[in-house]
Amino acid sequence: MNTQTLDHPELADRFNKDEARVDWHDQTLWWVRQKRDKAAHALPEWESLREAASQIKHNVLANLDEYLLQFEANAQRNGITVHWAADAEEHNRIVHQILTENGIPKMVKSKSMLTEECHLNEYLAEHGIEVIDSDLGERIVQLAGEPPSHIVLPCIHWKKEEIGVLFHKHLGTEEGCADPQILTGAARLHLRDTFLTRRAALTGVNFAVAETGEFVVCTNEGNADMGAHLADVHIASMGVEKIIPRREHLSVFLRLLTRSATGQPITTYSSHFAKPRPGQTMHLILVDNGRSIQLGREDFRNSLKCIRCGACMNTCPVYRRSGGHSYHSAVAGPIGAILAPNLDMAKNADLPFASTLCGSCSNVCPVKIDIHQQLYKWRQVLVQEGHVTAAKTVSMQGMTTVLSRPGLFHLAGSVGRRLMKWFPSLVNNRLNPWYKQRDMPAPPSESFSEWYAKNRKPS
Amino acid sequence: MKVGLFVPCYVDQFYPKVAIATLELLEKQGLTVGVPPRQTCCGQPMANSGFEHLTGGCNSLFIENFAQYDYVVSPSGSCVLHLKEHLHDPKHEAEAGHLRERIFELTEFLTDVLKLDTVSARFPYRVGLHQSCHGQRGLHLSQMSELVAPPFSKPVQLLSQVDGLELIDLDRPDECCGFGGTFCVLEEAVSAKMGKDRVSDHLRHGAEYITGADMSCLMHLEGLLHRQKSPVKVVHIAEILNSNIQ
Ligand code: SF4
């Protein structure tokens, strides 16, 4: 049973109360999807790149322990302090400890979905440490007191006018100003000041190279670099699945990542961090948080190939019309719907059902994760584990009884059609969710089987 | 060649004309088509809701009904995909395997097995084609926009041979309509919104009819059109291919 108060259908229903907004959200993301298509179609080798990426990740997942140890040894040799965190709690504690040891009360952070997954900001706030997100989109949702609604475009659900109101309140921009250039300028000044005054910077990690012990951070704003280069302490947090074996493999992923995400050929900054500069300390935290469990679940292992490009969200017709927050999980959309039940089945049992299984996600995914197949498989697991309402189980059992008995099926069919004809209000009522916005099909006077029995010799 | 016609449960009950058109269309190709009377449902509604373990009865019934045929044809991509992917029976696994290989959605059967190159039909209207996801992405009835690969479409190949038919372009040629089986009631808000958007793409481009190879999606779109009091009608592709409107 779901323990959160509202699940995906209810949250999506709320989002859909403002249809104009849904249209705008859908069109904005579709525009990103079209940019992705353009970029992908410009590379004739696109499908082989996807295959290569998928195979490299396959190899990584099959030998994850070895690559992690190799990475750790090389990173340590480079002068990076490597930490291991079994779960979100431990990750947060490690970050806190590093900050306390260095007497740092304020930290600047660049984009990292892992820290969202771990709820790091809340944890540090509770411990009296202030965190400023330096990615513009993340800063906006942070000011608004919301989690990101998209992994690449955290505030894609916000219109520029709304950002203007927010910035007027928090950053002192002129009232009514919705000019993106002016707003970005204001954010830039505000963040510059932050960069210059923070002594610790946390970044995410897009790829970590086992062969060299370096890690790569991709951003469009250069905010990760600005934070990391100015800070005395650089902390990098990564999920254990972010390892790639060799530097040469980066070429495959860097070509796929941003084309899939935004349609750009490459991120503006793809920065390699190999060792701390003189006087700086560099910490890297390797976080498991359920990943090894997922690795052990054969049907869901492939989900760990994800490079967090967000293409599956942009293409997902459900995501576009329900918004990121309806997934009530750090990673939203199709990929989130297969990652979240791994972390907490009861809380996320609704998510694998928030899909029509159209399969667009699996085919847009640059590392070829079989997302829609995993959604189907999660549904089976969730039902088996009892995360389904009793009413649904009863109705499914009833349906099975009727559908696996031809005599009963034809009887129920003809009775049903007759009832629908004589008493249309039986089905055309507000308790029938189909009828809310759609009419029921008009019941024909005879079924095909009845017609066939009359008109053809039975076979 | 022994061909069996599988009529999905909701087509049998609500859209007999689609099954009749399919039957007649196959017969026009010179085939003798068997219609086992004890057929019901492919089991997909349960399976997609997470109750695949309850589909054993439907599976054995399906095998019992169709194992004797060389080919099974059905006017519903979604049901065909489900059977191709999930038809199993521990007691009759060989037959299940045979059927998984030999079941075809109507348009792919016409183009790939019968290699039909002339359709004698006339349907003088502006028609929008709704490419259902399970047919398109699952059975690969047509190329999808996500992949970098040459375009093709089996339904278009057939429709373009229909006399008088004008196929309209769409802004989003392969966006899901939001039907999705039990999704259409469990996620009513999103489902209806997706359907409305799909319908308006067709309306914007002047469709008089919306067609497709999957009656379930069309039923959803029809429900919305009807509620909007739109004069635009839905019609299954079998009905177009079988029609001769002068
Ligand atoms: S699942 Fe695939 S498409 Fe979705 S974010 Fe991950 S890599 Fe990108």
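Computed from a predicted structure; not experimentally measured.

Asks: Would you take a moment to explain the sheet that holds strand β6 (residues 166-167) of chain B for this structure?
Replies: Paired through backbone hydrogen bonds, the strands of a sheet run either parallel or antiparallel to each other. All names here are of chain B. Reading across the sheet, the 4 strands line up as β6-β5-β7-β8 and stay open at both edges, with parallel pairing between neighbours. Unpaired on one side and paired on the other, β6 and β8 (233-236) mark the two borders of the sheet. Sheet topology note: the strand β7 (residues 209-212)/β8 ladder contains 4 bridges and is parallel. Paired with Ile210 across the two strands is Val234, which belongs to β8.

Asks: Teacher, can you tell me more about the site of the ligand here?
Replies: Around the ligand sit 14 residues, and of these Cys306(A), Cys309(A), Gly310(A), Cys312(A) and Cys365(A) come closest. Classifying every residue of the shell around the ligand gives 12 nonpolar, 1 polar and 1 charged.

Asks: What exactly am I supposed to notice about unusual backbone geometry here?
Replies: Apart from glycine, the bulk of residues carry a negative phi angle, and the bulk of peptide bonds sit in the trans form. All names here are of chain A. Here His119, not a glycine, exhibits a phi torsion of approximately 55°, which is positive. With respect to the secondary-structure elements, His119 resides in the loop between α6 (113-118) and α7 (120-126). Residue classification places His119 among the partly exposed residues on the basis of a relative accessible area of 45%.

Asks: For this particular structure, what's the right way to read the pairing of strand β7 (residues 233-239) of chain A?
Replies: Both faces of the sheet carry side chains from a regular strand, because those side chains alternate between them. Residues and elements named next belong to chain A. Along β7, 7 of the 7 residues are buried, which leaves the element largely enclosed by surrounding structure. Side chains Val233, Ile235, Ser237 and Gly239 of β7 all project onto a buried face; the interleaved residues His234, Ala236 and Met238 project onto the opposite face, where all are buried too. Both strand β4 (residues 200-203) and β7 contribute to a ladder of 4 bridges, which runs parallel. Looking at the pairing, Thr203 lines up with Ala236 of β7. Note that β7 and strand β10 (residues 281-287) share 7 bridges and pair parallel. Paired with Ala236 across the bridge in β10 is Leu284.

Asks: Please explain the packing of helix α9 (residues 160-171) of chain A against helix α10 (residues 180-197) of chain A as it appears in this structure.
Replies: For any two helices packed against each other, the geometry comes down to the angle between their axes and how far apart the axes lie. Residue and element names in this part refer to chain A. In the contact formed by α9 and α10, the axes pass within 10 Å of each other and the chain directions differ by 35°. As for how α9 packs across α10, the hand of that crossing is left-handed. Along the contact surface, α9 presents Lys160, Ile163, Gly164, Phe167 and Leu171, while α10 presents Pro180, Leu183, Ala186, Ala187 and His190. Among the residues making up the contact of α9 with α10, the classes are represented as 7 nonpolar, 2 polar and 1 charged.

Asks: What am I meant to see in a nonpolar patch on the surface here?
Replies: A surface patch of nonpolar side chains, amounting to about 250 Å² of accessible area, comprises Leu408(A), Leu411(A) and Val415(A). Note that Leu408(A) resides in helix α20 (residues 406-422).

Asks: Can you help me understand the environment of Ile182(A) in this one?
Replies: Note on placement: Ile182(A) falls in helix α10. Sequence separation between Ile182(A) and Gly164(A) is 18 residues, and the spatial gap between their C-alpha atoms is 9.4 Å.

Asks: Explain helix α18 (residues 371-384) of chain A to me, please; I cannot follow it from the model alone.
Replies: Along an α-helix, a turn takes 3.6 residues, which lines up residues three or four apart on a common side. For α18(A), with 14 residues, the first-to-last C-alpha span of 20 Å sits near the 20 Å given by 1.5 Å per residue. Within α18(A) the residues assigned to the buried category are Ile371(A), Gln374(A), Leu375(A), Tyr376(A), Trp378(A), Arg379(A), Gln380(A), Leu382(A) and Val383(A). Residues of α18(A) that are buried sit in contact with α13 (291-296), α14 (311-315), α16 (333-343) and α17 (360-364) of chain A together with α3 (44-48) and α5 (77-86) of chain B. Phi turns positive one or two residues past the end of α18(A), at Gly386(A), with a value near 85°.

Asks: Is there a simple way to think about the UniProt feature "domain: Cysteine-rich" (unreviewed entry) in chain B in this case?
Replies: All names here are of chain B. In the numbering used here, UniProt assigns the "domain: Cysteine-rich" (unreviewed entry) feature to residues 3-84 and 127-221. The annotated region residues 3-84 carries 52% helix and 11% strand content, and the separation between its end C-alpha atoms amounts to 17 Å. Secondary structure across residues 127-221 comprises 42% helix and 11% strand; the distance between its end C-alpha atoms is 14 Å.

Asks: Would you mind showing me how to read the interface of chain A and chain B here?
Replies: The figure often quoted for interface size is the accessible area lost as the parts come together. Taken together, the contacts link 78 residues of chain A with 75 residues of chain B. With both sides pooled, the region where chain A packs onto chain B buries about 6,500 Å², and carbon together with sulfur makes up 59% of that total. The largest share of the area that chain A buries against chain B comes from Gln437(A), Arg438(A) and Phe448(A), three residues that together contribute 12% of it. In this structure, the salt-bridge partner of Lys193(B) is Asp23(A), at a minimum N-O distance of 2.6 Å.

Basis of the calculations
Residues numbered from 1 in each chain as written. Chains lettered and ligands numbered in written order. Predicted model: local features only at pLDDT ≥ 70, side-chain atom pairs only at ≥ 80, totals over all residues. Heavy atoms only, no water. Pairing = 2+ DSSP bridges. Helix = DSSP H or I, 4+ residues; strand = E, 2+ residues; numbered from the N terminus. Near = heavy atom within 4 Å. Nonpolar A, V, L, I, M, F, W, Y, C, P; charged D, E, K, R; others polar. Buried < 20%, exposed > 50% of the residue type's maximum accessible area, 1.4 Å probe, protein only. Axes fitted to C-alpha atoms, helices over the stretch in contact; angles between N-to-C directions. Left-handed = near helix turned anticlockwise from the far one by under 90°. Contact = heavy atoms within 4.5 Å. Patch = residues over 30% accessible without salt bridge, like charges linked within 9 Å, V, L, I, M, F, W, Y side chains within 5 Å. Areas by Shrake-Rupley, 256 points an atom, 1.4 Å probe, with all protein chains shown as cover. Salt bridge = Lys/Arg side-chain N within 4 Å of Asp/Glu carboxyl O. Expected span 1.5 Å × (residues − 1). UniProt positions renumbered as here; feature names shortened; annotations may be inferred. Buried area = accessible area lost by both parts, 1.4 Å probe.

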